[in-house]
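Chains, contacts and geometry: an overview
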Amino acid sequence: MNPVHIAAVGLAALLIAGCAFEAPRMAPARAAPQQPAEEGLWEISRKFEEAVAMSGRKVDDPALEAYLQDVGCRVAGPYCDGIRVYPVAAPDFNASMSPNGFMQVWTGLLLRVENEAQLAAVLGHEVMHYAERHSLERLETTRRTANLLLAVQFGLFAGGHTGFSSGPVRVSLGDVTNLVAGGYLAAYSREHEEEADREGLRLMQTAGYHPGAAARVWQNLVAEQEACKLPRPAALLASHPPSTERMAYLDQLAGSDASGANGEQQFLDATLAYRGRWLRAELALRHFCRVRVVAERLLERGANPGELHYYLGEVYRLRNEPGDLDKAIEAYENAISAAGAPPEAHRELGLVLQRANRDAEARAAFQAYLDRVPGSDDAAMVRAYLAGAG
Amino acid sequence: MPGTTRLARHRIRAALVLLIPALALSACVSVKPMRAAGGVEVRDNPRVLLMAPDVLLLEITTAGVPIPRADWSARAHDTLVEASAATVAARGGELVHYVRPADARLPVAPGHLPALRLYQVVLGAILTYRYKFGTPRGARAPSLVTKSDDGLEWTLGDTVAPLRADYDADYALFLTFRAASSNSGRAMVSAAAFALFGVIEATSQSVGLATLVDLHSGEVVWTNLLSGSAFEVGEPEEMHANTLKLLETLPL
């Protein structure tokens, strides 16, 4: 790279840094697109919202939907009328906000948050994306950056500066400037995320929730990522700040403020009936480590321990690695002796006992299952297991 | 081109650049209609229920960023509806419009959801197995062992009964339209890219899809796919002409 190339790329970086577009915060009373590009974004969002609303992905439970909308509204305050919160059946920790106020909350997120305050922290973050019109800012900034990049690349080409050699490798200046622009846009996105984190925390705090819950969301997620060695995006091109960083600044922002409600019981009342289904959805993707980490963490909270032990048993039974058979037996036995275990815990215990050649105990487990749900769809099959066990 | 000087090559390119506007002006649109394998039962004076058309138009900016244009989309939507009504009327039929319920959270009546969900799945299958969407050029197209390679063999079954009853309609017509068009800056960039590098980039892309479902049998009786690479997507006249072309083979 000669001095001209360095100067050109440096100048491009400086100019690109000036491409940021800042839209004024949306006025709650004027929750509508304010310019043509924003009208287009709202139009696309409307289509997307209709598609989700009509699809089988939306969780068809008016009570759960009303609960999420209620928490969202409490956090959103004056923006309440503009937002619509939808529970979407999808594993993984995720929520998203569209420019028109259409918010998706994935069931994988609902599985992982522990109380209403943590949920409020996430919803507050999403509300701030809407209020600050981040989608419009990103679109306009992308447009400006792309225009500038085009001019720079044409200029470099016209000046005969297409690239340089680094040893045997030919490096394209077009690629270098693309990387600079991509890095800038990713950093810009991270700024939005941090702004939404910080302002979202203020929203949930104003709504009466304990501010420390926001950092706890990320603390739990970091623990899951580290325990399961989940891949992380390259820092330069990541659209979101690292979870550890988010945890740190949210923790600092909350300080030692111990005020506010956690709303754990309210959250459990609204979601506990679904928890098994959400764990099952994660298991279907063979997220064994993640289900184990989540279930063990939720066990510490105490609600329906039998159900959580049952899903730990499912992790070991389905993973089927050396030593897992004994762990599965132990987990199912723990489930059966605790509150909240589904009847299937007996059936699965029978299956693993059968696999361990403990036929008499397997028969007892199968019989216990049939005693609890004699009319189940698979009763005939379990009777066949019973007949075959020994 | 052996023996051709660099200057001569540039002149040839410059001449070709001049051809671009002419190419852009000549609308290059093709259609690919398909009918039910078992034939179509044509009814006298049919009532055709037009489902909410799905229209989205994009502007490609100078640097190639797609920007959704709500104004273009709204205009195209209205033109699409007008041209559809004219086509159905010309066949002795009547176009009735699907009415969205007051609840903003659900764009259709709950009783109509099963038919519309099934339609989305069926449409996906038709696009994959009949129109070969997603099949790379030159690759072997996928096929279904349960269906022949010709004609349409899909039905929405009894799920359409509520639609038929609520609107007293014989058919349901689904329309989807997507288009992207370069702004003038992008067209100039495309011309420059062609002159400098010989890269050809279409200045617009359009895809229209129409589907007719018999509300008595539930069968998908007709589809048509319109695709084009050069017409003014924002212009109502062009949209009107293309809607007529899209619906030209409507079996009514």
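Every value quoted in this text rests on a predicted model; they were computed, and no experiment measured them.

How each quantity is defined
- Residues numbered from 1 in each chain as written.
- Chains lettered and ligands numbered in written order.
- Predicted model: local features only at pLDDT ≥ 70, side-chain atom pairs only at ≥ 80, totals over all residues.
- Helix = DSSP H or I, 4+ residues; strand = E, 2+ residues; numbered from the N terminus.
- Buried ≥ 20, exposed ≤ 12 C-beta atoms within 10 Å, placed from the backbone.
- Expected span 1.5 Å × (residues − 1).
- Pairing = 2+ DSSP bridges.
- Arc of directions from axis to C-beta.
- Contact = placed C-beta atoms within 7 Å.
- Nonpolar A, V, L, I, M, F, W, Y, C, P; charged D, E, K, R; others polar.
- pLDDT = per-residue confidence, 0-100.

The next subject is the overall build of chain A. Helices and strands together make up the secondary structure of chain A, namely 17 helices and five strands. Taking the principal axes of its C-alpha atoms as reference, chain A extends roughly 85 × 60 × 45 Å. In chain A, which comprises 390 residues, the share counted as buried stands at 42%.

Because an α-helix packs 3.6 residues into every turn, residues spaced three or four apart end up facing the same way. Residue and element names in this part refer to chain A. A rise of 1.5 Å per residue sets the reference length of helix α13 (residues 305-319), with its 15 residues, at 21 Å; its end C-alpha atoms lie 21 Å apart and thus fit the reference within 8%. Buried residues dominate α13, accounting for 12 of its 15 residues. Burial in α13 covers these residues: Pro305, Glu307, Leu308, His309, Tyr310, Tyr311, Leu312, Gly313, Glu314, Val315, Tyr316 and Arg317. Where α13 ends, the next residue or the one after it, Asn320, has phi of about 55°, a positive value.

Let's shift gears to the pairing of strand β8 (residues 220-228) of chain B. Residues and elements named next belong to chain B. Burial analysis of β8 places eight of its nine residues in the buried class, which makes it a mostly covered element. As judged from the seven bridges shared by strand β1 (residues 29-35) and β8, these two strands associate in the antiparallel manner. Along β8, the bridge assignment pairs Met34 with Thr223. Taken together, strand β7 (residues 204-214) and the strand that follows it, β8, pair antiparallel across an intervening segment of five residues, in which Gly218 is found at a positive phi of about 85°.

Here we take up helix α14 (residues 324-337) of chain A. All names here are of chain A. Here α14 is 14 residues long and its end C-alpha atoms lie 20 Å apart, about the 20 Å a rise of 1.5 Å per residue gives. Of all the residues in α14, the buried ones are Ala328, Ile329, Ala331, Tyr332 and Ala335. In a view along the axis of α14, the buried residues occupy a sector of 165°, so they form one face of it. More than 90 degrees from the buried face of α14, the exposed residues found are Asp326 and Ser337. Summarising the contacts, the buried residues of α14 are in contact with α13 and α15 (344-355).

Let us now look at the interface of chain A and chain B. Contacts between chain A and chain B engage 19 residues on the former and 21 residues on the latter. Listed by contribution, the elements that provide at least two residues to the side of chain A that touches chain B are α2 (36-54) and α6 (134-158) of chain A. Per element, the largest residue contribution to the side of chain A that touches chain B is 11 residues, and it comes from α2 of chain A. In terms of residue class, the side of chain A that touches chain B is made up of nine nonpolar, four polar and six charged.

Right, let's get into the confidence of the model for chain B. In the predicted model, chain B carries a mean pLDDT of 85, and the fraction of residues at 70 or more is 87%. Across the assembled chains, the prediction reports ipTM 0.81 with pTM 0.86.

All names here are of chain B. Residue placement: Pro162 occurs in helix α4 (residues 161-167). With 17 C-beta atoms counted inside 10 Å, the residue Pro162 sits in the partly exposed group. Between the C-alpha atom of Pro162 and that of Leu215, which follows or precedes it by 53 residues, the distance is 9.2 Å. Once residues within four sequence positions are removed from consideration, Pro162 is found in contact with Gly111 and His112.

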